[in-house]
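Observations on chain architecture
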Amino acid sequence: MQEKILSVQDLKKHFPIKGGVIQRTVGHVKAVDGVSFDIYKGETLGIVGESGCGKSTTGRAIIRLFENSGGHVYFKGEDINKLSRKELRALRPKMQMIFQDPYSSLNPRMTVGQIVGEALEDHGIIKDKKELRKKVIKTIEDCGLAAYHIDRYPHEFSGGQRQRIGIARALALDPEFIIADEPVSALDVSIQAQIINLLMDLQKERGLTYLFISHDLSVVEHISTRVGVMYLGSMVELSPSKELYKNPLHPYTKALLSAAPVPDPTAKRDRIILRGDIPSPSNPPPGCKFHTRCPYAMDVCQLEVPEFKDRGEGHFVACHYVDMTIEN
Amino acid sequence: MRETLVEFNDVHTYFYTEAGTVKAVNGVSYKINKGQTVGIVGESGCGKSVTAMSLMRLIAEPQGQIVKGSIKFEDKDVTKLSDSEMMKIRGNDISMIFQEPMTSLNPVFTVGNQIMEAIMLHQKLDKKKAREKAIEMIKLVGIPRSEAIVDAYPHELSGGMRQRIMIAMALSCNPKLLIADEPTTALDVTIQAQILDLMRDIKEKTNTSIMLITHDLGVVAEMADYVIVMYAGKVIEEGSVFDIFKDPLHPYTKGLLKSKPVVNQEMDRLYSIPGQVPNPIGMKDSCYFNERCPHAMEICKTKIPQLKNEDGEHRVACFLYDQGVK
Amino acid sequence: MAEATETIKIKKQNNDTIESPWRLAFRRLRKNKLAMTGLFALVFMFIFSFIGPLLSPYNVIQTNILNANKAPSAQHWLGTDSIGRDVLLRLMLGGRISLLVGLVSVSISVVVGTTVGGLSGFYGAWVDNLLMRMADIFMAAPFFPILIILSAVMSDRKVTPENRIFIVMFIIGILSWAGLSRLIRGQILSLREQEFMQAAEALGIRDSRKIMKHLIPNVIPTIIVSATLGIGSAILTESALSFLGLGVNPPIPSWGNMIQAANNFYNLQFRPWLWIPPGVCIFVTVMSINLLGDGLRDALDPKLKR
Amino acid sequence: MRQYLTRRLIQMIPILIGISVIIFGLFALAPGDFIDANMSMGASQERIDELKALYGFDKPLLVRYINWASNTIRGNLGLSLQFMKPVTEVIDDYVWNSFILASIAYMLSILIAVPVGVLSATKQYSKFDMGATVFALMGIAMPSFFLGLLLIKFFAIDLPIFPVSGMSTAGANNTGLAHILDVGKHLILPSMVLGLTGVGSLMRYTRTAMLEVIRQDYIRTARAKGLGQRTVIYRHALRNALIPVVTILGMMLPSLFGGAIITEQIFAYPGIGRIALMSLSKRDYPLLMGFNMMLAALTLLGNLLSDILYAAVDPRVRLK
Amino acid sequence: GCGGGTQAPAEGGGERADLTSQSVDIVKATDTSRNPQAALDRKDTIVIGTDDFNGVFIPQLGQTVPDRQIYELLFEPLVGVDEEGKPIDDAIATWTVEDDVKYTFTIKDGVVFSDGTPVTAEDVEFSYLVIADPTYDASSDIGKYGILGVDAYKNGQADSIEGIKVIDEKTIEFTLEKPNAEVIYFFTLGIIPKAYYGEGYTFGDLSSIRDLQAKPMGSGPYKFVDYKEGQTVTLVANENYWQGTPGIPNVIFKVTSNATQMQEIISGQIDMQDITVSVENVEQLKAAGFVDLHIFPTNGYGYLGMNHELPKFSDVRVRQALTYAINRKDATEAIYGPYGNVLNIPQSRVSWSFTDEGINSYDYDLEKAASLLDEAGWEMGDDGFRYKDGEKFEIFFTGMSDHPVLDILLPMMIESYKELGIDFKVEYVDFPTLIDKTNNYAAEMWFLAWSLTPDPGSASNVYRTGGPQNKYNYSNPAADQLWIDGVAETDFNKRAEIYGDLYRILNEDIPVIIIYQRSDMWAANSRLENFNVSPYRTFTKDLWKVTIAD
Ligand SMILES: Nc1ncnc2c1ncn2[C@@H]1O[C@H](COP(=O)(O)OP(=O)(O)OP(=O)(O)O)[C@@H](O)[C@H]1O
Ligand SMILES: Nc1ncnc2c1ncn2[C@@H]1O[C@H](COP(=O)(O)OP(=O)(O)OP(=O)(O)O)[C@@H](O)[C@H]1O
Ligand SMILES: [Mg+2]
Ligand SMILES: [Mg+2]
Ligand code: NI
């Protein structure tokens, strides 16, 4: 079996909701509510799911940008949450994150060169200043920016260019594991392709591992070894990529795939429209969280939480309807 | 033919920086008709957002300036309007969904507050009604627990939620023109579909024109009537959505279409246009794409190609289609 | 379509290294005319104060009752004071004290205030609580009694006037950092929640660097305002301290205690040469620091390249 | 939040005790005592010793502190040595006058400083901005006694429309509205002095903070909504620029009650500032202790208030 | 006050009258038509500017000048003081002295408190019992005159003071252990009504009297109306006053500030105030045209103290040299102009005990100073400083901060002492700190001012060996004897001779370097008639005679 680089077990992150003038906690947003998965060395785990279902939160919790509310994250067997600040710092260069919001994650008072080169300098990876500059230029060029961009400030860039700065910042450190939160959403398809190719090349060369969060199903399909589908803070389906796209089991996954737009103005679409109220993460429905919008909802769905079960060949799904259809 | 709502006429918007002048928009001309959805695609950094911002007159001065050209909005040249006249147009006649949802929301006001503000200003509703409307808009863009979310601050929302708040804000006032700068990048496809439906609805109901800036060719294909392709601050091809997708002319457009991965279609490596976007500072007179173009000719290095009518509405700026050159 | 035919300047760049935000700022500062005017004025004030007295034909300790309270004339360009000393000479000598007091005490307060505010805002939790409670104590401790005790101690120790002024600078600095630290902390509390700080954390940037390179440049405008204001008030505070026996002692003048001459209707109305010059000097100093500070702020503000 | 408040308030107790020890210690260490500073120098040595015993100056420091502290806890701050009256009464006699003056002055300075600071920022490097800068810095380079005398000269002597000093016309037994008007007339000059000298710094802080904010993206969004310049600036931008302003306002709380020594001195205004200075030069310890403890408590409260306001002003700030 | 007067950071100025003149110099207004409307509008009221009150308006307890101004108008003593500082019987009693130890006072007829009740001997006794209370903590010192039985009373061994005896309703007798010339001034204490203040008073607890400190009632020409803290004290004429109803119905005391008091007079907001005298101030007040100036020598002098315990100051030649080396004339001129005089003995030149016979005036003379120092063994070194036994002549001067005299005096001293070869270093501390330092003999040289009481004998505390205020460690047995003789003698002419001899010794010995006696000035609106003030007689004594001109 492959080496497990990351193991997430029953990860939870609840944000308190403050209310009133005196800011009392009136409830919790269960942004991530018991997510478990493993990532193996050299693979890409794609995560798709509804907006606000906790993908970014999962990513941040994994690299411990905030303390999680429950569960464990093991990176190469070490419990991330038990590390001291110093140990964590030492680990940082090995696991990097590309942030979803490119602009706000860039310090407005630093040039691209500083942003991208800083960590290299700070971790003492490259000490020579000229070399540092060379490395930074190389990295940003890999990411589709040009050398002349190095002394510019974030606000002087277009949205896509900013996103590439964020990517370059993460890649500069030569990490082993990258959480890429919507890394290509603001890029035009050509550059998107360039970046994806770059990521995949790096993966091949250095055995990089990715957690790839995206809404673009085609991109996810292309890059991922396996894909997880999240819904309202939980993982509802997890499967090898090809399998998932060919044979989606969970009704939410099916709806998702059917909604993907096709770059063909004449194409006919056969979209599954999800009806019903979108439930709130602070007060998720009992039983299967999807039952309020599920076309196949049954009585049992309202009562019991479906088990996240392997349907063979590592195709996991949590759905009573699937349970039933497969058994019959 | 339908009435023209907006007409860009040879717009140049430059940024004066320490390193030199960045010619972000360098002679852009096109029209948006009433009720039409115009998709704008192009290389990242080619000036799409700046063009839109020029129309809104929201370029960060004093570094950024519209140095040349005119932008007609319903007979008025917005480049010449006074600030107060411009104020009346913004938010009311033209509203805009910004590309950066996090930084574009004021961190110290609740999102509800920020939506209500525009409603109260332009629709003259009282606070209570405006709040109801805001909640309704939040619901419309598919955010759950809208009653609670109105009172949430931007930093408490996920990326997609923020983006939808921006959309709700822009849609709340039934503008004549909606500028949507990458409106759905942070949204999952089901919600994207929902938002696109919503935009279509509104467009149909109020005959709104939409200027849709996006990289998602799928979205363009689905939404746009007409497509403008930009490269390095210039329009290099324009045409109806069918023309562009079925019969792309410019080598850049072709490359773009080729780069897109498609679901259930296997390939080892994605195609990407080779080379780099030229440095927008100090560009020479040439076709800016020449260095990356597989069909580059001598003339491409010395002359700037003009947008020419190839057939009907479909126009392209490329010497390959230039009669004289051919 | 008109073509882009204008020639565009491509400025030479430093292409070898990545400059730190500070270096970059200073490079840009040099191009700012107003800031350079400020620098020039400040340098002038220094030359005026430190070299000027050497050129004066007069002497600080020389008094001349017969020539007291004379309006400006060819012999005494700025007139004479109540015991016939040359005002110009006193003004120049006063500058030595006042410039030093202003700059040194403000530097102390800025360094301490920024460090404390930075640490406190950045770490939050108990560090914040501890440091801010410390600041509370500094702010709540009564200013005057401390100074009286200090003056008594210095008097017992027979501290010489020259050393005394250093202690005074130190004291003004130490007693004024608390406000600045609160200001800085307040902003950092908000800054550190921003996403770029999370990004820095994800990169594993060292804390000291996060504070110095990420946070401080973002609060520099506040520091600058506080420093400009601080210099003016330190110069005036020095004279208030002489009231408690802590300021400079005769025959050494300072701008602050020269301007005290205006604390009297007669001088205010009829002997403007006694108080206008020190007033103008304080103003010029504060103004030049302000111009320099504004320039530095602009230099650090990437959105404001002019 | 409630927890935070309770915790902070509880934390104030040891800090106040600490400060009281510091203040007491400082006063005990300060050379000279009330007898030295005030008594007739011709008094015999026996009489001086007798007096020091009567005032308790001969007791050990710790005993004196414990006496003082136990009385203070019971709300008894002791007898002012110079006024021969309970300290609380003396403070009560004067502090409200100071409060009225300071609150008018601060109102004035906020009303001037904030809008001018905002305008300066929106029109950075314009003539207006330059003028405001020069004005602000002149205020900093100008001692308040100077401004006070200048105003008295113009408005009380040359153009006698305002009284020179005091808080009400001597001997005029006005009541009701007439009294308020009379007091108002007396307050104009001192509050101008106090207000104007404070304007400069508040204005500069406002300006800088605004300069930061007005170039943010969300300001662009506000503009895109079609909001007027005023709304954009005063609602969207100012609110984000408030953190430093709030800090300064919090720091102003103690000075609201602390009296403005120089201004009160020049205008012979019956405020606590001059009394405090007087009690310092006369070494009236009980009064000084009481006064300084009051200020210390107010300082802590002011800082607590601004900490709470941070969270109100900027929701991203979390109180922990 | 008593003793050598109060040590104070003295300011102000005076008229350089010729030394023999004791008169008050009055500069009359020149153009009364310029009297501002604000003043003219106050037809039956005058406003007097003053410093901050402490609100203790009882003669026994009050300690500051503003409070005293009030209680002097509300209460009257047994004995008055004339312009020369001699006791006179223009107060509420007449008296006889037996054997120099027994003083019998008879209260004049018709003297009543403002509530109409007559002033009796019991009230007088009560007024003195209060200050003999063991918890009495204000400035009077009943212990120092040798009144019989004071200690016994204080200790609680006696119910009354043996030496204070009520003879009948109007007569009271004070008996001393031995003659004491100073005691007559002890009877200038105001008399308070026992019926009013004695209610609730018990031995050892003054709180009931304290409670009434801001609601005073006495026999003076004015009655108390109200006190606004920090602002005003309002008084109204006492129609029961035994010398007749005062000329001005209402008197208001208003707190003013040093910086602006002159502007208040000029703008007519106050009618009178004592104002620091200086050439500039006089000039401005004269220019106003409607202000009368009363300028007279201050009861006090400014001096430089030295610690004689230090070897350098123990040599009288050095002290003399240091005196010669100060240009006191120019300094005084620069500080006070014509309103200050160089003084050579510790007595006001208007006092009956003043003399200038055989007094050395120590005129500025650096050469003489240098030769005196040479004589004393302080040799000039190569570096321009003097040395003796290898020790450099250094003086560490402790000044009181923010003092206008020092601003001028010190630079001049620095200059001439430098020339003399003395390294003169200066530091400032605040007033109480300075007092503390001198009390602990921790200062080398310093500047202070003494204010004087009418009786010259009280200065013995300052200059006799071991005197409580002798912070200089000055000692001269011959002088000590003269101090004793001076107080034991009650005849003014004989006393004047004794003090003359004493002053000559002090003039020779230079225990302290006396610099100047300045002047005081009262500025009064010219509409006030019969205004009268002199060095020993405060304006309150005769205020009841003042009227407002139309
Ligand atoms: N304030 C600025 N100063 C300097 N250059 C700028 C500034 N703003 C934008 N630019 C430059 O202008 C060009 C066009 O930017 P624009 O934001 O319009 O691109 P875009 O087409 O919207 O790209 P994207 O799809 O990535 O958002 C870019 O090269 C960018 O670097
Ligand atoms: N700081 C916070 N405070 C309170 N709630 C938060 C906070 N951050 C995130 N949330 C909530 O947590 C949920 C999950 O957010 P998250 O950002 O993980 O979503 P996401 O899956 O990344 O969505 P998207 O695709 O739109 O980015 C959302 O409901 C959001 O409102
Ligand atoms: Mg996200
Ligand atoms: Mg863009
Ligand atoms: Ni053109």
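Residues numbered from 1 in each chain as written. Chains lettered and ligands numbered in written order. Predicted model: local features only at pLDDT ≥ 70, side-chain atom pairs only at ≥ 80, totals over all residues. Heavy atoms only, no water.

As named in an unreviewed UniProt entry, chain A is Oligopeptide/dipeptide ABC transporter ATP-binding protein, taken from Acetoanaerobium pronyense.

Here we look at the overall build of chain E
Counting its secondary structure elements, chain E contains 18 helices and 25 strands. For chain E, the C-alpha radius of gyration of 25 Å lies close to 24 Å, the compact-globule estimate for 550 residues. Projected onto its principal axes, the C-alpha positions of chain E cover 80 × 65 × 40 Å. For chain E, the proportion of its 550 residues judged to be buried stands at 65%. (Helix = DSSP H or I, 4+ residues; strand = E, 2+ residues; numbered from the N terminus. Rg over C-alpha atoms; globule rule 2.2 N^0.38 Å. Buried < 20%, exposed > 50% of the residue type's maximum accessible area, 1.4 Å probe, protein only.)

Describing the pairing of strand β7 (residues 102-107) of chain E
All names here are of chain E. Sheet analysis places strand β6 (residues 93-98) next to β7, joined by six bridges and oriented antiparallel. Paired with A93 across the strands is I107, a residue of β7. Linking β6 to β7, which pair antiparallel, is a turn of three residues; within it D99 sits at a positive phi near 55°. Here β7 runs beside strand β9 (residues 171-175); their pairing, made up of five bridges, is antiparallel. When the bridges of β9 are listed, K102 appears paired with T175. (Pairing = 2+ DSSP bridges.)

A word on the interface of chain B and chain D
At the junction of the two partners, chain B supplies 26 residues and chain D supplies 20 residues. Among the residues chain B hides against chain D, the three largest losses belong to B:V108, B:F109 and B:E117. Together they make up 27% of the total. Counting across the chain B and chain D interface gives two salt bridges. The salt bridge involving B:E117 is made with D:K225; its shortest N-O contact spans 3.0 Å. Across the chain B-chain D interface, the total number found is twelve residue pairs in polar contact (both at pLDDT 80 or more). Those elements giving two or more residues to the side of chain B that touches chain D turn out to be α1 (48-56), α3 (111-123) and α6 (159-171) of chain B. When residues in the side of chain B that touches chain D are grouped by element, the largest group, six residues, is from α3(B). Within the side of chain B that touches chain D, the residues separate by chemical class into 15 nonpolar, eight polar and three charged. (Contact = heavy atoms within 4.5 Å. Buried area = accessible area lost by both parts, 1.4 Å probe. Salt bridge = Lys/Arg side-chain N within 4 Å of Asp/Glu carboxyl O. Polar contact = N/O pair within 3.5 Å; in protein donor to acceptor, adjacent residues only side chain to side chain. Nonpolar A, V, L, I, M, F, W, Y, C, P; charged D, E, K, R; others polar.)

Things to note about the sheet that holds strand β10 (residues 234-240) of chain A
One key point about sheets: their strands pair by backbone hydrogen bonds, in either a parallel or an antiparallel sense. Residue and element names in this part refer to chain A. Strand order in the open sheet formed by eight strands is β6-β7-β8-β3-β9-β10-β12-β11, with mixed pairing between adjacent strands. Lying at the two open borders of the sheet, with one neighbouring strand each, are β6 (95-98) and β11 (309-310). In this structure, β11 lies alongside strand β12 (residues 316-317), joined through two bridges in antiparallel fashion. Bridged to K309 within β12 is V317. Relative to the sheet, helix α5 (residues 159-172) contacts β6 and β7 (177-181), its axis offset from that of β6 by approximately 180°. (Axes fitted to C-alpha atoms, helices over the stretch in contact; angles between N-to-C directions.)

Focus: the coordination of the magnesium ion (ligand 4)
Residue and element names in this part refer to chain B. Bound to the magnesium ion (ligand 4) are the protein donor atoms S49 (OG) and Q99 (OE1), situated 1.8 to 2.2 Å from the metal. In this pair, S49 sits in helix α1 while Q99 sits in the loop between β6 (94-97) and α3, placing the two residues 50 residues apart along the sequence. Q99 matches S49 in its accessibility class, with the two residues each being buried. (Donors = N, O, S within 2.8 Å, 3.2 Å for Na, K, Ca; no water.)

Remarks on the site of ligand 1
Residues in contact with ligand 1 amount to 21 residues; listed here are only the nearest, A:S158, A:G160, B:S44, B:G45 and B:S49. Those residues lying near ligand 1 are distributed over chains A and B. At 2.7 Å, a backbone N or O of A:E156 approaches an oxygen atom of ligand 1. Note that an oxygen atom of ligand 1 is positioned 2.4 Å from one of the side-chain N or O atoms of B:S49. Calculation on ligand 1 without its partners gives an accessible area of 640 Å², and the protein chains cover 95% of this total. Among the elements of the structure, α5 of chain A together with β1 (4-17) and α1 of chain B are those that each provide at least two residues to the shell around ligand 1. For the shell around ligand 1, the per-class residue count stands at five nonpolar, twelve polar and four charged. (Near = heavy atom within 4 Å. Areas by Shrake-Rupley, 256 points an atom, 1.4 Å probe, with all protein chains shown as cover.)

Things to note about the site of ligand 2
Looking at ligand 2, there are 21 residues lining it, with A:S51, A:G52, A:S56, A:T57 and B:G160 nearest. Surrounding ligand 2 are residues belonging to chains A and B, so the site spans chains. A distance of 2.3 Å is found between an oxygen atom of ligand 2 and a side-chain nitrogen or oxygen belonging to A:T57. Within the side chain of A:Q100, a nitrogen or oxygen atom sits 2.8 Å from an oxygen atom of ligand 2. Across the complex, the protein chains shield 90% of the 640 Å² of accessible surface that ligand 2 would expose by itself. Residue assignment for the shell around ligand 2 shows that the elements contributing at least two residues are β2 (24-40) and α1 (55-62) of chain A together with α6 of chain B.

Some words on the nonpolar core
Soluble, globular proteins show a tendency: their nonpolar side chains are buried together. In this structure, E:L78, E:Y128, E:F174, E:Y417 and E:M445 are the most contacted members of the largest nonpolar core, which totals 214 residues. Sort the elements by how many residues they give to this core and helix α14 (residues 404-420) of chain E lands first, with ten residues. In this structure E:Y128 touches E:L78, E:I142, E:I164, E:F174, E:F186, E:F187, E:L189 and E:I191, once residues within four positions along its chain are discounted. If you look at the next biggest cluster of nonpolar residues, it comprises 91 residues, including D:L137, D:M167, D:V193 and D:L202. (Core = buried A, V, L, I, M, F, W, Y, C linked by side-chain atoms within 4.5 Å.)

Thoughts on the interface of chain B and chain A
Across the contact, 66 residues belong to chain B and 68 residues belong to chain A. Buried surface at the junction of chain B and chain A, both sides included, amounts to about 5100 Å², of which 55% is carbon and sulfur. Per-residue buried area on chain B facing chain A is highest for B:E100, B:R145 and B:V189; these three make up 12% of the total on that side. The interface formed by chain B and chain A contains two salt bridges. For A:D201, the salt bridge identified is with B:R269, shortest N-O distance 2.8 Å. The set of elements that each furnish at least two residues to the side of chain B that touches chain A consists of α6, α7 (189-206), α8 (217-223), α9 (241-246) and α10 (251-259) of chain B. Tallying contributions element by element places α7(B) first for the side of chain B that touches chain A, with six residues. For the side of chain B that touches chain A, a count of residues per class yields 28 nonpolar, 22 polar and 16 charged.

So, the sheet that holds strand β8 (residues 164-168) of chain E
Residue and element names in this part refer to chain E. Taken in spatial order, the four strands of this open sheet run β6-β7-β9-β8, and their pairing is antiparallel. Each edge of the open sheet is held by one strand with a lone partner, namely β6 and β8. When the angles between neighbouring strand axes are averaged without regard to direction, this sheet yields 20°. Pairing of β8 with β9 involves four bridges; the strand directions are antiparallel.

What about the pattern of salt bridges?
Tallied over the full model, the rule gives 86 salt bridges over all chains. The partner of E:D292 in a salt bridge is E:K28, and the shortest N-O contact between them spans 3.2 Å. Taken together, the positions of E:D292 in strand β14 (residues 291-297) and E:K28 in the loop between β2 (25-27) and α1 (37-40) put the pair 264 residues apart, joining distant regions of the chain. Here E:R504 and E:D501 are joined by a salt bridge, their closest N and O atoms 3.0 Å apart. Placement of the pair is E:R504 and E:D501 together in helix α18 (residues 492-509), with a separation of three residues, close to one helical turn. For E:R504, a relative accessible area of 26% puts it in the partly exposed group. Counted as one network, the salt bridges with shared partners bring together C:D294, C:R297, C:D298, D:D129, D:R204 and D:R207.

Side note on the coordination of the magnesium ion (ligand 3)
All names here are of chain A. Each protein donor to the magnesium ion (ligand 3) is listed here as S56 (OG) and Q100 (OE1); together their distances run 1.8 to 2.1 Å. You can see S56 sitting in helix α1 and its partner Q100 sitting in the loop between β6 and α3 (112-122), a full 44 residues away along the chain. Considered together, S56 and Q100 belong to a single accessibility category, that of buried residues.

Details of the packing of helix α5 (residues 87-122) of chain D against helix α6 (residues 127-141) of chain D
Two quantities define a packed helix pair, namely the angle between the axes and the distance from one axis to the other. All names here are of chain D. Where α5 contacts α6, the axes come no closer than 8 Å and their chain directions differ by 135°. Of the possible angle classes, the one that applies to α5 and α6 is oblique. Both α5 and α6 take part in a crossing whose hand is left-handed. Seen from α5, the contacting residues are V116, L119 and S120; seen from α6, they are F128, D129 and A132. Split into classes, the residues belonging to the contact of α5 with α6 amount to four nonpolar, one polar and one charged. (Parallel < 35°, antiparallel > 145°, perpendicular 65-115°, else oblique. Left-handed = near helix turned anticlockwise from the far one by under 90°.)

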